[in-house]
Amino acid sequence: MRTTMSWMRVVAMAAGVVLVASACGGGSAEPQASASGEPVRGGTLRIAYNTDASTLDPARCGTESWQRCQAIFGTLLTRDPATGEVGPGMAESFTSDDGLVWTLVLRPGLTFTDGTPFDADAVVANWDRVRDPVVLSAARSTAEGMSWEVVDVRTVRVTLDTPNFRLPSALEETLGMIASPTALQERGPDFASQPVGAGPFVLQSWQRGTQMTLTRNAGYWDQPRPYVDELVISTIPADDQRVNALAAGEIDVMSTLVAEYATRAEEAGFVRQGLPPFGGTGLRMSWRTGALADPDVREAVARLVDTGQIRNAFFPDEPEPTTFSPVGSPYHDPAATFRAPDVARAQQLIDGYLTRTGQDAVRLTFKITAGVPILEQISQMLQAQLQRVRGLEMTIVPQEVGAYYGDVATGNYELLSVGVLGTDPDDLYDSYHTGQAQNTAGYSDAEVDAALDAARAAPDPAAADAFYAAAMRRLAATDALQPWFYISGWLLADESVQGIEPAGTYMTRPELIWLTISGFGPESDR
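Residues numbered from 1 in each chain as written. Predicted model: local features only at pLDDT ≥ 70, side-chain atom pairs only at ≥ 80, totals over all residues. Heavy atoms only, no water.

Student: Report on the state of the cysteines, specifying residues and quantitative values.
Tutor: Applying the stated criterion across every chain, the model contains one disulfide. Bridging Cys61 to Cys69, the disulfide has an S-S length of 1.8 Å. Measuring handedness by torsion sign, the sulfur bridge of Cys61 and Cys69 sits at about -70 degrees and is left-handed. Overall, Cys69 belongs to the buried group, its relative accessible area being 0%. (Disulfide = S-S within 2.5 Å. Buried < 20%, exposed > 50% of the residue type's maximum accessible area, 1.4 Å probe, protein only.)

Structural data, given as structure tokens:
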């Protein structure tokens, strides 16, 4: 049976042959004409997010960097938001008969913007680098279970240690961005700020923490895309400031995770698009550091987090997160419940720990990215909640973006504000399976490992669904994440912006977007 992967209900994996391939004639489908007519070329597209990228090294592009990295490198595979299917990108196909041996076929004639070939050797060179532990790539855990070989100039054969019917997801995310091997070698550490890819845009300038400017790659494979001549991505930390910038015509598109701002912008006449993922954002605890290595201390912290208070203060329009996924999500399970707040139980657990260890107090640090007002306010409320018991202290440590994500990548933290992001439950594997590179908290649970392993190996959609549900129930019960609101991302845009499609969490693929004639041209200063 030959099937494709679903994105909107991503647990629906196929039995038999898994196929990700382009239709006859090659190339991706042309976008549908909007009410404003056919796609048109020209203009400057201005997008604003709340944080800057920490790096433009494709081996290390995480959630906060994905938008910028995708614009520069493109991806081997892509997801269609309308159908939910994984399809071609830089690669025209990625196929397997058994989930163990996969064949990747690149599009013909691809080149990087430095003129060097984007071929099978380039893919292998990038994947070899991802597997190097020195690089600290989030994709290393996936790459370590793979071996690969060049078959010919356009073809790479991949062999897995164990069957994984979800592998194509990695090729549109962590393993999907390919850099020029020549530029990687020549530029060394400077490559992270001077990248060379084959994606739809080319980096022109980057003012850290403020703005990134990119221009159209005239040699991009998927002509006439990208449609805009210039892409400007700004960093505006506060949601209300981004809304004001959108209303003032200073930006064309913004993102938000807060329903209040999405509703406000929609009521003001802006276009609102979103894709609710599973999971939420909240507190993540290290399982390997200091007092938090003790399960009693972790439970005490979980018992002290009052998500209802945080929700009422900062996200009044959002439901309180009592289960791993919200009502209405395809992953909602009423049995996947988090611990209820219980200050008395928390005091008992802390007292017991201090008696056993002879310590006078448990002292924890909570690291956050500096300059995000709502996060600073939440951290202060969280500090007050945790310090309701005797013998527990929490210090807030604001960090600039690069330092923060460096500590996240190396596990140098005790408490973090972090989100379980994505529309694919297999993302849980990298974040929570024992020993995985992104599992920097050191979380380890045999039941979660077994469920996630079984889900990857299951060719039957219903079986995979059941295994992921079991993993989510156990994650909730073991304090893997203590969320204070469910993550639902929105893109808000001026009506002159056409072709905008959410592509994972609250990000979009800028090469698909065009501006109507009112958005640029002689009559505009843009």
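Student: Tell me what's going on with the nonpolar core, and back it up with residues and numbers.
Tutor: The nonpolar side chains of soluble globular proteins are, as a tendency, buried together. One finds Leu76, Leu104, Phe118 and Trp127 to be the most contacted residues of the largest nonpolar core, which totals 67 residues. If you tally residues by element for this core, the top one is helix α2 (residues 120-131), at six residues. The next biggest cluster of nonpolar side chains, apart from the first, holds 49 residues, and it includes Leu292, Ala300, Leu392 and Leu492. (Core = buried A, V, L, I, M, F, W, Y, C linked by side-chain atoms within 4.5 Å. Helix = DSSP H or I, 4+ residues; strand = E, 2+ residues; numbered from the N terminus.)

Student: Can you lay out the pattern of salt bridges for me, pointing to particular residues and giving the numbers?
Tutor: Overall, the coordinates contain 29 salt bridges when judged by the stated rule. Across the salt bridge formed by Arg242 and Asp239, the nearest N and O atoms sit 2.8 Å from each other. Here Arg242 and its partner Asp239 are both found in helix α6 (residues 239-247), three residues apart, which amounts to about one turn of the helix. In this structure Asp239 comes out as buried when scored by relative accessible area, which is 12%. (Salt bridge = Lys/Arg side-chain N within 4 Å of Asp/Glu carboxyl O.)

Student: Explain the packing of helix α8 (residues 295-304) against helix α10 (residues 343-357) residue by residue, including any values.
Tutor: Any two packed helices are characterised by how steeply their axes cross, that is the angle between the axes, and by the distance between the axes. It is at 8 Å that the axes of α8 and α10 come closest, and there the two elements cross at 155 degrees. Put simply, α8 runs roughly antiparallel to α10. Considering only the axes of α8 and α10, their crossing is left-handed. Between α8 and α10, the contacting residues are Asp296, Val297, Glu299, Ala300, Arg303 and Leu304 on the first element and Val343, Arg345, Ala346, Leu349, Ile350, Tyr353 and Arg356 on the second. (Axes fitted to C-alpha atoms, helices over the stretch in contact; angles between N-to-C directions. Parallel < 35°, antiparallel > 145°, perpendicular 65-115°, else oblique. Left-handed = near helix turned anticlockwise from the far one by under 90°. Contact = heavy atoms within 4.5 Å.)

Student: Hey, could you go over the pairing of strand β20 (residues 489-493) for me, with residue numbers and the actual values?
Tutor: Counted residue by residue, β20 has five buried out of five residues, so it is predominantly covered. The alternating pattern of β20 places Gly489, Leu491 and Ala493 on one face and Trp490 and Leu492 on the opposite face, and all of these are buried. Note: strand β13 (residues 253-256) against β20, four bridges, orientation antiparallel. Within the sheet, the bridge partner assigned to Ser255 lies in β20 and is Leu491. (Pairing = 2+ DSSP bridges.)

Student: Could you give an account of the sheet that holds strand β15 (residues 280-285), naming the residues involved and the relevant values?
Tutor: Read across the open sheet, the five strands follow the order β17-β16-β18-β15-β19; overall the sheet is mixed. Two strands close off the open sheet at either side, each with one partner strand: β17 (392-399) and β19 (482-486). Here the average twist between neighbouring strands, direction ignored, is 25 degrees. In the sheet, β15 pairs with strand β18 (residues 415-419) via five bridges, with the strands oriented antiparallel. The residue of β18 that forms the bridge with Leu283 is Ser417.

Student: Give me the lowdown on the side chain of Asp479, citing residues and values where you can.
Tutor: Tracing the sequence through the fold places Asp479 in the loop between α15 (461-477) and β19. We classify Asp479 as buried; its relative accessible area is 3%. Those residues in contact with Asp479 that sit more than four places away from it in its chain are Met285, Arg298, Glu299, Ala302 and Arg339.

Student: Give a detailed account of helix α14 (residues 446-457), specifying residues and quantitative values.
Tutor: The end-to-end C-alpha distance of α14 is 17 Å, a good match for the 16 Å that twelve residues give at a rise of 1.5 Å each. Considered for burial, the residues of α14 that qualify are Val448, Asp449, Ala451, Leu452, Ala455 and Arg456. For α14, the secondary structure elements touched by its buried residues are α3 (140-143), α13 (427-432) and α15. Its side-chain oxygen 3.1 Å from the backbone nitrogen of Glu447, Asp445 forms the N-cap of α14. (Expected span 1.5 Å × (residues − 1). Polar contact = N/O pair within 3.5 Å; in protein donor to acceptor, adjacent residues only side chain to side chain.)

Student: Tell me about the environment of Ala143, residues and numbers included.
Tutor: Mapped onto the fold, Ala143 is located in helix α3. For Ala143 and Asp132, which are eleven residues apart along the polypeptide, the C-alpha to C-alpha distance reads 9.6 Å. Look past the residues within four positions of Ala143 in its chain and what remains in contact with it is Val130, Arg131 and Trp148.

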